[in-house]
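# Structural overview for review
Below, each chain spelled out in residue letters.
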Amino acid sequence: MSKVIVVTSGKGGVGKTTSTASLGAALAQGGRRVCVVDFDVGLRNLDLVMGAERRVVFDFINVAQGDAKLSQALIRDKRIDTLHLLAASQTRDKDALTAEGVERVIGELRETFDYVLCDSPAGIERGALLAMRHADQAIVVANPEVSSVRDSDRIIGLLDSKTLRAERGEQMDKHLLLTRFDPARSNSGEMLSIDDVLEILSIPLLGVIPESREILRASNIGAPVTINATGGQAGLAYLEAARRLGGETVPVAIPDEKKTFFTRLFGRRAA
Amino acid sequence: MNLFGFLKQRGSAPVARERLQILLAHERVALGPRDLVTILRDELLATIARHIEFDPEKLSVKMERSDSVSTLEIDVEIPCDKFVGRTQASAA
(Lines give C-alpha, C1' and ligand atoms only; values in the text may rest on other atoms or scores of the structure.)
Protein backbone atom coordinates (compact mmCIF):
# COMPACT_ATOMS: atom_id res chain seq x y z
CA MET A 1 0.00 0.00 0.00
CA SER A 2 1.26 3.41 -0.94
CA LYS A 3 1.77 6.16 1.62
CA VAL A 4 1.99 9.88 0.94
CA ILE A 5 3.92 11.76 3.62
CA VAL A 6 4.34 15.54 3.78
CA VAL A 7 7.47 16.98 5.38
CA THR A 8 6.47 20.40 6.63
CA SER A 9 7.31 23.05 9.24
CA GLY A 10 5.91 26.50 8.55
CA LYS A 11 9.24 28.13 9.28
CA GLY A 12 12.04 28.02 6.72
CA GLY A 13 15.54 26.73 7.29
CA VAL A 14 14.69 24.14 9.94
CA GLY A 15 15.66 21.12 7.81
CA LYS A 16 12.68 20.04 5.71
CA THR A 17 14.69 19.37 2.57
CA THR A 18 17.56 17.70 4.42
CA SER A 19 15.04 15.53 6.29
CA THR A 20 13.10 14.62 3.14
CA ALA A 21 16.31 13.53 1.39
CA SER A 22 17.71 11.67 4.40
CA LEU A 23 14.49 9.81 5.26
CA GLY A 24 13.75 9.08 1.60
CA ALA A 25 17.21 7.61 1.05
CA ALA A 26 16.98 5.57 4.26
CA LEU A 27 13.59 4.10 3.34
CA ALA A 28 14.80 3.28 -0.18
CA GLN A 29 17.91 1.57 1.19
CA GLY A 30 15.57 -0.77 2.99
CA GLY A 31 14.28 -1.86 -0.44
CA ARG A 32 11.12 0.24 -0.55
CA ARG A 33 10.20 2.16 -3.69
CA VAL A 34 10.45 5.81 -2.71
CA CYS A 35 9.82 9.07 -4.55
CA VAL A 36 10.81 12.40 -3.01
CA VAL A 37 8.83 15.30 -4.48
CA ASP A 38 9.90 18.95 -4.31
CA PHE A 39 6.90 21.29 -3.90
CA ASP A 40 9.00 24.43 -3.58
CA VAL A 41 8.23 25.97 -6.96
CA GLY A 42 10.73 28.67 -7.87
CA LEU A 43 13.11 27.76 -5.05
CA ARG A 44 13.83 24.11 -5.66
CA ASN A 45 16.67 22.61 -3.67
CA LEU A 46 15.87 18.96 -3.12
CA ASP A 47 17.66 18.17 -6.41
CA LEU A 48 20.80 19.85 -5.09
CA VAL A 49 20.72 18.11 -1.71
CA MET A 50 20.20 14.78 -3.52
CA GLY A 51 23.09 15.48 -5.90
CA ALA A 52 20.86 15.36 -8.98
CA GLU A 53 20.83 19.05 -9.96
CA ARG A 54 22.38 18.41 -13.37
CA ARG A 55 19.95 15.69 -14.29
CA VAL A 56 16.69 17.64 -14.14
CA VAL A 57 15.09 17.74 -17.59
CA PHE A 58 11.37 17.76 -16.86
CA ASP A 59 9.83 18.83 -13.58
CA PHE A 60 6.68 18.56 -11.48
CA ILE A 61 4.90 21.37 -13.35
CA ASN A 62 5.69 19.85 -16.75
CA VAL A 63 3.97 16.67 -15.58
CA ALA A 64 1.11 18.47 -13.80
CA GLN A 65 0.35 20.45 -16.97
CA GLY A 66 0.61 17.40 -19.19
CA ASP A 67 3.72 18.58 -21.07
CA ALA A 68 5.72 15.54 -19.98
CA LYS A 69 5.00 12.05 -18.76
CA LEU A 70 5.73 11.21 -15.15
CA SER A 71 8.25 8.57 -16.27
CA GLN A 72 10.16 11.25 -18.19
CA ALA A 73 10.38 13.56 -15.19
CA LEU A 74 11.33 11.01 -12.54
CA ILE A 75 15.06 11.01 -11.80
CA ARG A 76 16.38 7.71 -10.53
CA ASP A 77 19.08 8.00 -7.89
CA LYS A 78 22.47 6.74 -9.06
CA ARG A 79 23.29 5.17 -5.69
CA ILE A 80 19.98 3.61 -4.68
CA ASP A 81 17.87 1.95 -7.39
CA THR A 82 14.57 2.31 -5.61
CA LEU A 83 14.94 6.04 -4.89
CA HIS A 84 13.46 8.61 -7.27
CA LEU A 85 13.16 12.38 -7.37
CA LEU A 86 10.51 14.60 -8.90
CA ALA A 87 12.02 18.09 -9.04
CA ALA A 88 10.15 21.36 -8.65
CA SER A 89 10.12 23.89 -11.43
CA GLN A 90 12.72 26.61 -11.05
CA THR A 91 11.52 29.25 -13.44
CA ARG A 92 7.75 29.37 -13.65
CA ASP A 93 5.40 31.27 -11.43
CA LYS A 94 4.04 29.70 -8.27
CA ASP A 95 0.48 29.54 -9.56
CA ALA A 96 1.55 27.14 -12.30
CA LEU A 97 0.92 24.27 -9.90
CA THR A 98 -2.82 23.67 -9.82
CA ALA A 99 -4.86 21.62 -7.37
CA GLU A 100 -6.05 19.33 -10.18
CA GLY A 101 -2.52 18.85 -11.54
CA VAL A 102 -1.17 17.95 -8.11
CA GLU A 103 -4.01 15.52 -7.49
CA ARG A 104 -3.36 13.70 -10.76
CA VAL A 105 0.42 13.47 -10.26
CA ILE A 106 0.07 12.25 -6.66
CA GLY A 107 -2.43 9.66 -7.87
CA GLU A 108 0.06 8.39 -10.47
CA LEU A 109 2.89 8.34 -7.92
CA ARG A 110 0.75 6.24 -5.56
CA GLU A 111 0.50 3.56 -8.25
CA THR A 112 4.28 3.22 -8.54
CA PHE A 113 5.77 3.92 -5.14
CA ASP A 114 5.51 2.59 -1.59
CA TYR A 115 6.38 6.00 -0.16
CA VAL A 116 5.88 9.45 -1.64
CA LEU A 117 7.66 12.11 0.45
CA CYS A 118 6.46 15.65 -0.27
CA ASP A 119 9.00 18.35 0.62
CA SER A 120 6.85 21.37 1.48
CA PRO A 121 7.89 24.97 0.88
CA ALA A 122 8.10 27.19 3.96
CA GLY A 123 5.14 29.36 4.86
CA ILE A 124 1.42 28.67 4.96
CA GLU A 125 0.53 29.74 1.46
CA ARG A 126 -0.67 27.84 -1.58
CA GLY A 127 2.47 25.77 -2.11
CA ALA A 128 2.54 24.54 1.49
CA LEU A 129 -1.18 23.77 1.43
CA LEU A 130 -0.86 21.85 -1.87
CA ALA A 131 2.04 19.84 -0.44
CA MET A 132 -0.02 18.71 2.55
CA ARG A 133 -3.36 18.34 0.77
CA HIS A 134 -3.10 14.66 -0.24
CA ALA A 135 -0.94 13.43 2.61
CA ASP A 136 -1.83 10.36 4.67
CA GLN A 137 0.75 11.30 7.25
CA ALA A 138 2.77 14.37 8.22
CA ILE A 139 6.26 14.90 9.55
CA VAL A 140 6.50 18.25 11.32
CA VAL A 141 10.13 19.39 11.37
CA ALA A 142 11.00 21.79 14.19
CA ASN A 143 14.06 23.25 15.88
CA PRO A 144 14.09 23.67 19.67
CA GLU A 145 13.57 27.41 19.27
CA VAL A 146 10.52 29.61 19.95
CA SER A 147 9.72 30.81 16.42
CA SER A 148 10.03 27.32 14.96
CA VAL A 149 7.80 25.78 17.65
CA ARG A 150 5.17 28.49 17.18
CA ASP A 151 5.10 27.98 13.41
CA SER A 152 4.91 24.22 13.87
CA ASP A 153 1.84 24.68 16.05
CA ARG A 154 0.26 26.71 13.26
CA ILE A 155 1.09 24.04 10.69
CA ILE A 156 -0.42 21.35 12.93
CA GLY A 157 -3.64 23.40 12.93
CA LEU A 158 -3.61 23.50 9.12
CA LEU A 159 -2.90 19.77 8.86
CA ASP A 160 -6.02 19.22 10.97
CA SER A 161 -8.22 21.48 8.85
CA LYS A 162 -6.94 22.01 5.29
CA THR A 163 -6.06 18.49 4.18
CA LEU A 164 -8.28 16.01 2.36
CA ARG A 165 -8.06 13.74 5.35
CA ALA A 166 -9.28 16.44 7.71
CA GLU A 167 -12.10 17.38 5.34
CA ARG A 168 -13.25 13.76 5.27
CA GLY A 169 -13.30 13.83 9.07
CA GLU A 170 -10.35 11.45 9.38
CA GLN A 171 -7.43 11.84 11.72
CA MET A 172 -4.17 13.10 10.24
CA ASP A 173 -1.22 11.13 11.54
CA LYS A 174 1.38 13.72 12.65
CA HIS A 175 4.87 13.17 13.99
CA LEU A 176 7.52 15.53 15.26
CA LEU A 177 11.07 15.46 13.95
CA LEU A 178 13.18 17.65 16.19
CA THR A 179 16.29 18.82 14.34
CA ARG A 180 19.43 20.79 15.25
CA PHE A 181 19.11 19.61 18.82
CA ASP A 182 22.07 20.34 21.08
CA PRO A 183 22.01 18.06 24.14
CA ALA A 184 24.63 20.03 26.05
CA ARG A 185 22.78 23.32 25.69
CA SER A 186 19.48 21.66 26.50
CA ASN A 187 20.92 20.04 29.63
CA SER A 188 22.24 23.37 30.83
CA GLY A 189 18.84 25.00 30.34
CA GLU A 190 19.89 27.19 27.42
CA MET A 191 17.73 25.33 24.91
CA LEU A 192 14.19 23.94 25.05
CA SER A 193 14.28 20.27 26.00
CA ILE A 194 12.74 17.47 23.92
CA ASP A 195 10.02 17.13 26.57
CA ASP A 196 9.29 20.87 26.46
CA VAL A 197 8.66 20.77 22.71
CA LEU A 198 6.65 17.54 22.91
CA GLU A 199 4.48 18.93 25.69
CA ILE A 200 3.82 22.18 23.85
CA LEU A 201 3.02 20.61 20.47
CA SER A 202 1.52 17.38 21.85
CA ILE A 203 2.24 15.16 18.87
CA PRO A 204 4.29 11.93 19.02
CA LEU A 205 8.02 11.99 18.38
CA LEU A 206 9.50 10.50 15.21
CA GLY A 207 13.09 11.31 16.04
CA VAL A 208 15.65 13.73 17.37
CA ILE A 209 18.44 14.82 15.02
CA PRO A 210 21.41 16.32 16.82
CA GLU A 211 23.14 19.44 15.52
CA SER A 212 25.96 17.95 13.47
CA ARG A 213 28.72 18.77 11.01
CA GLU A 214 27.69 15.79 8.91
CA ILE A 215 24.63 17.67 7.64
CA LEU A 216 26.56 20.49 5.97
CA ARG A 217 29.06 18.02 4.55
CA ALA A 218 26.21 15.95 3.12
CA SER A 219 24.62 18.90 1.34
CA ASN A 220 28.05 20.08 0.16
CA ILE A 221 28.63 16.81 -1.66
CA GLY A 222 24.99 16.14 -2.59
CA ALA A 223 24.62 12.86 -0.71
CA PRO A 224 22.00 12.49 2.05
CA VAL A 225 23.60 11.57 5.42
CA THR A 226 21.86 8.20 5.39
CA ILE A 227 23.67 7.11 2.22
CA ASN A 228 26.94 5.42 3.18
CA ALA A 229 26.39 6.69 6.70
CA THR A 230 29.75 6.96 8.39
CA GLY A 231 28.39 6.31 11.84
CA GLY A 232 27.76 9.93 12.71
CA GLN A 233 24.96 10.69 15.16
CA ALA A 234 22.79 12.64 12.73
CA GLY A 235 22.95 9.90 10.07
CA LEU A 236 22.09 7.24 12.64
CA ALA A 237 19.23 9.32 14.02
CA TYR A 238 17.75 9.66 10.51
CA LEU A 239 18.17 5.93 9.85
CA GLU A 240 16.30 5.13 13.04
CA ALA A 241 13.59 7.69 12.32
CA ALA A 242 13.11 6.06 8.89
CA ARG A 243 12.70 2.65 10.55
CA ARG A 244 10.00 4.11 12.81
CA LEU A 245 8.35 5.62 9.76
CA GLY A 246 8.42 2.17 8.19
CA GLY A 247 6.47 0.80 11.13
CA GLU A 248 9.24 -0.67 13.27
CA THR A 249 9.33 -0.01 16.98
CA VAL A 250 12.70 1.56 17.66
CA PRO A 251 13.20 3.46 20.93
CA VAL A 252 14.20 7.09 20.39
CA ALA A 253 17.85 7.50 21.30
CA ILE A 254 18.36 10.85 22.95
CA PRO A 255 21.56 12.35 21.54
CA ASP A 256 24.34 12.34 24.06
CA GLU A 257 26.31 15.30 25.18
CA LYS A 258 29.76 15.17 23.65
CA LYS A 259 32.27 14.18 26.28
CA THR A 260 35.05 16.70 26.41
CA PHE A 261 38.15 16.34 28.52
CA PHE A 262 36.57 18.62 31.10
CA THR A 263 33.24 16.80 31.37
CA ARG A 264 35.00 13.44 31.50
CA LEU A 265 37.02 14.70 34.39
CA PHE A 266 34.25 16.23 36.41
CA GLY A 267 31.24 14.28 35.27
CA ARG A 268 28.04 15.68 33.91
CA ARG A 269 25.55 17.69 35.84
CA ALA A 270 22.34 15.74 36.26
CA ALA A 271 19.75 16.76 33.72
CA MET B 1 30.44 24.59 33.95
CA ASN B 2 30.11 21.59 36.21
CA LEU B 3 32.12 23.17 38.97
CA PHE B 4 30.65 26.60 38.72
CA GLY B 5 27.24 25.74 37.31
CA PHE B 6 25.56 26.37 40.63
CA LEU B 7 26.80 29.94 40.58
CA LYS B 8 25.19 30.61 37.24
CA GLN B 9 21.50 31.24 36.78
CA ARG B 10 19.49 28.51 35.15
CA GLY B 11 19.29 29.14 31.39
CA SER B 12 16.68 30.88 29.28
CA ALA B 13 14.83 27.72 28.16
CA PRO B 14 12.19 27.90 30.95
CA VAL B 15 11.36 31.44 29.83
CA ALA B 16 10.99 30.27 26.22
CA ARG B 17 8.76 27.44 27.32
CA GLU B 18 6.45 29.66 29.36
CA ARG B 19 6.18 32.33 26.66
CA LEU B 20 5.30 29.69 24.09
CA GLN B 21 2.66 28.07 26.29
CA ILE B 22 0.87 31.37 26.89
CA LEU B 23 1.13 32.53 23.27
CA LEU B 24 -0.06 29.26 21.76
CA ALA B 25 -3.00 29.00 24.15
CA HIS B 26 -4.23 32.28 22.67
CA GLU B 27 -3.36 31.53 19.07
CA ARG B 28 -5.04 28.15 19.09
CA VAL B 29 -8.29 29.81 20.08
CA ALA B 30 -7.90 32.71 17.66
CA LEU B 31 -6.77 30.67 14.64
CA GLY B 32 -8.12 27.24 15.34
CA PRO B 33 -11.45 25.79 14.30
CA ARG B 34 -14.32 27.97 15.49
CA ASP B 35 -16.32 26.08 18.04
CA LEU B 36 -19.61 27.19 19.55
CA VAL B 37 -17.98 29.07 22.43
CA THR B 38 -15.84 31.10 20.04
CA ILE B 39 -18.81 31.90 17.80
CA LEU B 40 -20.90 32.97 20.80
CA ARG B 41 -18.08 35.15 22.07
CA ASP B 42 -17.66 36.90 18.74
CA GLU B 43 -21.39 37.46 18.22
CA LEU B 44 -21.98 38.67 21.78
CA LEU B 45 -19.11 41.11 21.55
CA ALA B 46 -20.37 42.33 18.18
CA THR B 47 -23.83 42.89 19.66
CA ILE B 48 -22.45 44.79 22.63
CA ALA B 49 -20.28 46.88 20.34
CA ARG B 50 -23.33 47.85 18.29
CA HIS B 51 -24.97 49.49 21.29
CA ILE B 52 -22.12 50.97 23.27
CA GLU B 53 -18.55 52.02 22.85
CA PHE B 54 -16.50 50.01 25.26
CA ASP B 55 -12.92 50.27 26.25
CA PRO B 56 -11.15 47.06 25.14
CA GLU B 57 -8.86 47.45 28.15
CA LYS B 58 -11.84 47.13 30.48
CA LEU B 59 -13.25 44.08 28.80
CA SER B 60 -12.61 40.66 30.24
CA VAL B 61 -13.39 37.48 28.38
CA LYS B 62 -12.85 34.09 29.95
CA MET B 63 -13.40 30.85 28.13
CA GLU B 64 -12.96 27.48 29.70
CA ARG B 65 -13.35 24.20 27.96
CA SER B 66 -13.63 20.69 29.23
CA ASP B 67 -15.11 17.52 27.81
CA SER B 68 -18.48 17.81 29.49
CA VAL B 69 -19.06 21.54 29.80
CA SER B 70 -17.63 24.83 28.54
CA THR B 71 -18.08 28.25 30.04
CA LEU B 72 -17.96 31.70 28.53
CA GLU B 73 -17.72 34.71 30.76
CA ILE B 74 -17.83 38.23 29.39
CA ASP B 75 -17.36 41.15 31.74
CA VAL B 76 -17.81 44.56 30.27
CA GLU B 77 -17.95 47.92 31.96
CA ILE B 78 -20.73 50.12 30.65
CA PRO B 79 -20.27 53.77 31.54
CA CYS B 80 -23.31 55.45 33.23
CA ASP B 81 -23.93 57.92 30.44
CA LYS B 82 -24.33 55.10 27.91
CA PHE B 83 -26.99 53.22 29.76
CA VAL B 84 -29.29 55.06 32.17
CA GLY B 85 -30.38 53.09 35.20
CA ARG B 86 -27.45 50.77 35.64
CA THR B 87 -23.82 51.34 36.27
CA GLN B 88 -22.52 47.95 35.39
CA ALA B 89 -23.83 44.97 33.52
CA SER B 90 -22.41 41.66 32.74
CA ALA B 91 -23.42 39.02 30.32
CA ALA B 92 -22.58 35.45 31.01
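Residues numbered from 1 in each chain as written. Chains lettered and ligands numbered in written order. Predicted model: local features only at pLDDT ≥ 70, side-chain atom pairs only at ≥ 80, totals over all residues.

## Topic: the overall build of chain A
Stated precisely, the cut-off is as follows: Comment: elements are numbered from the N terminus, with helices defined as DSSP H or I runs of at least four residues and strands as E runs of at least two. Both definitions apply: the radius of gyration is a C-alpha atom measure, and the globule rule equals 2.2 Å times residues to the power 0.38. Counting other C-beta atoms within 10 Å of a residue's own tells you its class, since 20 or more makes it buried, 12 or fewer makes it exposed, and anything in between is partly exposed; those C-beta atoms are placed from the backbone. We call two residues in contact if the C-beta atoms placed from their backbones are at most 7 Å apart.
Secondary structure summary: chain A contains 13 helices and 8 strands in total. The C-alpha atoms of chain A give 18 Å as radius of gyration, which agrees with the globular expectation for 271 residues (18 Å, within 12%). Each principal axis of the C-alpha distribution contributes one length, and for chain A these read about 65 × 40 × 35 Å. Burial statistics for chain A: of 271 residues in total, 50% are counted as buried. Looking at chain A alone, contacts between residues at least 24 apart form 75% of all its contacts between residues at least 6 apart.

## Points about the nonpolar core
Residue and element names in this part refer to chain A. Using the following cut-off: As used here, a nonpolar core is made of buried Ala, Val, Leu, Ile, Met, Phe, Trp, Tyr and Cys residues. They are joined through C-beta atoms within 7 Å.
Core analysis: the largest hydrophobic core is formed by 83 residues, its most contacted members being Ile-5, Phe-60, Leu-117, Cys-118, Val-140 and Tyr-238. Looking at this core element by element, the count peaks at 7 residues for helix α12 (residues 233–245). In this structure Ile-5 touches Tyr-115, Leu-117, Cys-118, Ala-135, Asp-136, Gln-137, Ala-138 and Ile-139, once residues within four positions along its chain are discounted.

## Side note on the sheet that holds strand β4 (residues 83–86) of chain A
Within a sheet, adjacent strands bond to each other through the backbone by hydrogen bonds, running parallel or antiparallel. Residue and element names in this part refer to chain A. To keep things clear, this is the line we draw: Strands qualify as paired when DSSP identifies two bridges or more between them.
Read across the open sheet, the 8 strands follow the order β3-β4-β2-β5-β1-β6-β7-β8; overall the sheet is mixed. Each of the sheet's edge strands pairs with one partner strand only, and the pair in question is β3 (75–76) and β8 (205–210). In this sheet, β4 lies alongside strand β2 (residues 34–38) in parallel orientation, the contact comprising 4 bridges. Across the sheet, residue Val-34 finds its bridge partner in β4, namely Leu-83.

## Quick notes on the pairing of strand β1 (residues 59–65) of chain B
Residue and element names in this part refer to chain B. Little of β1 is tucked away: 0 of the 7 residues are buried. By the bridge criterion, 7 bridges tie β1 to strand β2 (residues 70–76) in an arrangement that is antiparallel. Across the sheet, residue Arg-65 finds its bridge partner in β2, namely Ser-70. As consecutive antiparallel partners, β1 and β2 are separated by 4 residues.

## Description of the environment of Glu-214 of chain A
All names here are of chain A. Counting through the fold element by element, Glu-214 comes out in helix α11 (residues 213–221). On a C-alpha basis, the gap between Glu-214 and Leu-83 in space is 21 Å, while along the polypeptide they are 131 residues apart. Among all residues touching Glu-214, those that are not within four sequence positions of it are Val-225, Gly-232, Ala-234 and Gly-235.

## What about the pairing of strand β6 (residues 137–142) of chain A?
All names here are of chain A. For β6, the buried fraction is high: 5 of the 6 residues fall into the buried class. Direction of pairing for strand β1 (residues 3–8) relative to β6: parallel, over a ladder of 4 bridges. Bridging across to β6, Val-6 finds its partner in Ala-138. Here 6 bridges tie β6 to strand β7 (residues 173–181), and the two strands are oriented parallel to one another.

## Some points on unusual backbone geometry
Residues and elements named next belong to chain A. For Arg-180, which is not a glycine, the phi torsion comes out positive at approximately 55 degrees. Along the chain, Arg-180 falls in strand β7. With 22 C-beta atoms counted inside 10 Å, the residue Arg-180 sits in the buried group.

## Focus on the confidence of the model for chain B
Which entries qualify depends on this criterion: Values of pLDDT, the confidence the predictor places in each residue, fall between 0 and 100.
For chain B, the mean per-residue pLDDT works out to 77, and 77% of the residues sit at or above 70. Per-element confidence in chain B is highest for helix α1 (residues 13–31) of chain B, whose mean pLDDT is 89, and lowest for strand β3 (residues 89–91) of chain B, whose mean pLDDT is 48.

## Some words on the environment of Ala-223 of chain A
Relative to the assigned elements, Ala-223 of chain A resides in the loop between α11 and α12. Not counting residues up to four positions away in its chain, the partners in contact with Ala-223 of chain A are Gly-51 and Ala-218 of chain A.

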